[in-house]
Amino acid sequence: MKFDITIIGAGPSGLSLACSLAKTKLKIAIIEKNSKKKFSNPQKDGRDIALTHRSKNILKKIGIWKNINPKKISPVREARVLDGNSSKYLHFDHVKTVENSLGYLVPNYVIRKAIYDKLQTLKTIKIFANNEVLKIVSNKSSSKVYLKNRKIFESKLTVVADGRLSKIREKIGIYANKTNFRAAMSVFRMKHQFNNDNIASEYFHYNQTLAILPIEKNLSSIVVTLQNDLSKEFLNMTKKEINQKIENDLKGKLGKMNIIGKKYTYPMLTVYSNEFYRDRSVLIGDAAVGMHPVTAHGFNLNLRGVDILQNKIKKALMDSVDIGNADILKKYEKNFRKVSLPIYLATNAIVRLYTNQKPIIKLARKSLLILADAMKPAKNAIIDNLLLKNS
Ligand SMILES: Cc1cc2nc3c(=O)[nH]c(=O)nc-3n(C[C@H](O)[C@H](O)[C@H](O)COP(=O)(O)OP(=O)(O)OC[C@H]3O[C@@H](n4cnc5c(N)ncnc54)[C@H](O)[C@@H]3O)c2cc1C
């Protein structure tokens, strides 16, 4: 089968790229190993994705934001980063941004459904579900994707978007730098007695990171990261024990806590690919950069990558240049590396700093938060470059 672009993986990254190219009229095939049911009707997975204003703008530009039910969008007015139970915290508020929020929380299943609904309206894009890729072979003029069922997809460019444990990345010979933090992140929702005032808080305790993400006045998404052995203990706790534990960890700031619904748990493995393209194949999304969720950058960075790549592809079309040509892909790699590498390294460094139990490190992290809060340029740089400001 002949297409202009073949995308492997119908996750949020692969589907967003397809939506962003809709107006080009390029013929796009998306190959997904899961059944259609799984991605056409995404189920709750516990993740509430913190989206930046920049990401909102990208989603608006590609026609996805309008598909998100406004009732499912929770604005974040203020964010606080706290060291253990210290009363000092690093503080960000929306006054520094052009809108009246720092960013937005949207459940992952809602984002995925909004992307899928957009795709349904696009005639030039076809999804092939229940299909698994065996190998990719590129030559001077095209890239061929061979499936297990013997179908072959031939196109100018193959986009690899099969997630952080990408098998295709390995198949095309790209190595990735991987870090296993031997920790697990559990996410679930809790109702609470007191108003969260739309404030997101991240508490770096000595053996646990606890994030409170405001969904409604008296409802928050709770994110608990623990080393694997402690995580097992946590998962075995009863609802009553968890309610008490989180109430104690928060020193009663939100009053009585009550867990509702399921807990979802994710292993903390981060990945950074050594290269973002090989021949006519290009990596996007978690397959290129799989972030630690503690700084909530994963999907935000994926969207930056999608935006950079779609710009390069559109420019190639305008210049009547082959869209799978190495010069185009090299420019994408250069731009996306510049954006993603500092954030990836800084996030991993933060995780290491805040999981190290040595007394000197504990002291350093306390001072660091106080210093960072006092240093306006450092704070503004975080607001400008990482998370919050419109661009
Ligand atoms: C607990 C948690 C909280 C998070 N919070 C945030 C946040 O607040 N902000 C933020 O920006 N990001 C956050 N993230 C990150 C974000 O969820 C991910 O970055 C994003 O979902 C990755 O999307 P993706 O499409 O790149 O990969 P995936 O969602 O992994 O999709 C890959 C797709 O490829 C398919 N596939 C795999 N192998 C094959 C194959 N061989 N052939 C065909 N198809 C294949 C899979 O079935 C899947 O559909 C969080 C992540 C976690 C775990």
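Look up a bit, the structure's there.
Residues numbered from 1 in each chain as written. Predicted model: local features only at pLDDT ≥ 70, side-chain atom pairs only at ≥ 80, totals over all residues. Heavy atoms only, no water.

Asks: Please give an account of the overall build of the chain that cites residues and values.
Replies: Looking only at helices and strands, the chain has 12 helices and 20 strands in total. Put simply, the chain has 391 residues, and 50% of those count as buried. For the chain, the share of sequence-separated contacts (at least 6 apart) that also reach a separation of at least 24 residues comes to 73%. In the structure as shown, the chain presents an accessible area of about 18800 Å², 54% of it carried by carbon and sulfur atoms. (Helix = DSSP H or I, 4+ residues; strand = E, 2+ residues; numbered from the N terminus. Buried < 20%, exposed > 50% of the residue type's maximum accessible area, 1.4 Å probe, protein only. Contact = heavy atoms within 4.5 Å. Areas by Shrake-Rupley, 256 points an atom, 1.4 Å probe, with all protein chains shown as cover.)

Asks: Provide a residue-level description of the sheet that holds strand β7 (residues 103-107), including the pertinent values.
Replies: Pairing in this open sheet of 3 strands is antiparallel, and the strands run β3-β7-β4 from one edge to the other. Strands at the two margins of the open sheet, each flanked by one partner only, are β3 (48-51) and β4 (74-76). Strand-to-strand twist in this sheet, taken as the mean axis angle between neighbours without regard to direction, amounts to 30°. Sheet topology note: the β3/β7 ladder contains 4 bridges and is antiparallel. (Pairing = 2+ DSSP bridges. Axes fitted to C-alpha atoms, helices over the stretch in contact; angles between N-to-C directions.)

Asks: How would you explain the site of the ligand if you had to name every residue and give the values?
Replies: The local shell around the ligand holds 30 residues, among which Ser13, Glu32, Arg47, Asp286 and Phe299 are the closest. With respect to the ligand, the backbone of Ala50 contributes an N or O atom lying 2.8 Å from an oxygen atom. The separation between an oxygen atom of the ligand and a polar side-chain atom of Asn302 is 3.2 Å. Coverage of the ligand by the protein chains reaches 87% of its 1000 Å² of free accessible surface. Of all the elements in the fold, those that place two or more residues in the shell around the ligand are α1 (12-20), β3, α8 (285-288) and α9 (298-318). Sort the elements by how many residues they give to the shell around the ligand and α9 lands first, with 4 residues. Residue composition of the shell around the ligand, by class: 13 nonpolar, 11 polar and 6 charged. (Near = heavy atom within 4 Å. Polar contact = N/O pair within 3.5 Å; in protein donor to acceptor, adjacent residues only side chain to side chain. Nonpolar A, V, L, I, M, F, W, Y, C, P; charged D, E, K, R; others polar.)

Asks: Got a sec to walk through the packing of α9 against helix α10 (residues 326-353)? Specific residues and values, please.
Replies: The interhelical angle for the contact between α9 and α10, taken along N-to-C directions, is 160°, at an axis separation of 9 Å. It follows that α9 is roughly antiparallel to α10 by the angle criterion. The chirality of how α9 crosses α10 is right-handed. Contact with α9, carried on its side by Leu301, Arg304, Gly305, Ile308, Leu309, Lys312 and Ala316, involves Ile328, Lys331, Tyr332, Asn335, Phe336, Val339, Ser340 and Ile343 of α10 and no other residues of that element. (Parallel < 35°, antiparallel > 145°, perpendicular 65-115°, else oblique. Left-handed = near helix turned anticlockwise from the far one by under 90°.)

Asks: Could you give an account of the nonpolar core, naming the residues involved and the relevant values?
Replies: The biggest cluster of nonpolar side chains holds 74 residues, and the ones touching the most others in it are Ile5, Ile7, Ile28, Ile30 and Val289. Counting residues per element, this core draws most heavily on α9, which supplies 8 residues. When residues no more than four places from it in sequence are discounted, the contact partners of Ile30 are Ile7, Gly9, Ala10, Leu15, Ala18, Leu119, Ile125, Lys126, Ile127 and Phe128. The next biggest cluster of nonpolar side chains, apart from the first, holds 21 residues, and it includes Ala79, Val81, Leu105 and Leu213. (Core = buried A, V, L, I, M, F, W, Y, C linked by side-chain atoms within 4.5 Å.)

Asks: Any chance you could break down the side chain of Asn348 for me, citing the residues and the numbers?
Replies: Note on placement: Asn348 falls in helix α10. Sequence-distant contacts of Asn348, that is, excluding residues within four places in its chain, are made with Thr179, Phe181, Thr270 and His292.

Asks: Quick rundown of the sheet that holds strand β2 (residues 28-31)? Include the residues and the values.
Replies: The mixed open sheet is built from 6 strands, whose spatial order is β8-β2-β1-β12-β19-β18. Either end of the sheet is taken by a strand with one partner, and the two such strands are β8 (125-128) and β18 (277-278). Both strand β1 (residues 5-8) and strand β12 (residues 157-160) contribute to a ladder of 4 bridges, which runs parallel. Paired with Thr6 across the two strands is Thr158, which belongs to β12.

Asks: Can you break down the pattern of salt bridges residue by residue, with the values?
Replies: When charged atoms on two side chains of opposite charge get close, those side chains can pair. One pass over the full model with this rule turns up 15 salt bridges. When the shortest N-O distance is used, the salt bridge between Glu247 and Lys256 registers 3.5 Å. A relative accessible area of 15% means that Glu247 is categorised as buried. Arg278 serves as the salt-bridge partner of Glu275, at 3.1 Å between the closest nitrogen and oxygen. The class of Glu275 is partly exposed, set by a relative accessible area of 27%. Through salt bridges that share partners, Arg77, Glu78 and Arg80 make up one connected network. (Salt bridge = Lys/Arg side-chain N within 4 Å of Asp/Glu carboxyl O.)

Asks: Lay out helix α4 (residues 108-120) with the relevant residues and their values.
Replies: Relative to the 18 Å expected for 13 residues at 1.5 Å per residue, α4 spans 19 Å between its end C-alpha atoms, a close match to the ideal helical length. All of the buried residues along α4 are Asn108, Val110, Ile111, Ala114, Ile115, Tyr116, Lys118 and Leu119. (Expected span 1.5 Å × (residues − 1).)

Asks: Go over the packing of aromatic side chains with me, naming the residues and quoting the values.
Replies: Inspection of the entire model under this criterion finds 11 aromatic pairs. Considering the side-chain rings of Tyr272 and Tyr344, the 5.0 Å spacing of their centres and the 50° angle between planes classify their relative orientation as tilted. Highlighted residues: Tyr272 in strand β17 (residues 257-273) and Tyr344 in helix α10, separated in sequence by 72 residues. On the basis of relative accessibility, which here comes to 4%, the residue Tyr272 falls in the buried class. Judged by relative accessible area, Tyr344 falls into the buried class, the value being 4%. With a centroid separation of 6.3 Å and an interplanar angle of 45°, the aromatic rings of Phe276 and Tyr332 are classed as tilted. One end of the pair, Phe276, is in the loop between β17 and β18; the other, Tyr332, is in helix α10, and 56 residues separate them in sequence. (Phe/Tyr/Trp six-rings, centres within 6.5 Å; stacked < 30°, edge-to-face > 60°.)

Honestly, that's just the spatial picture; any functional story needs more than this.
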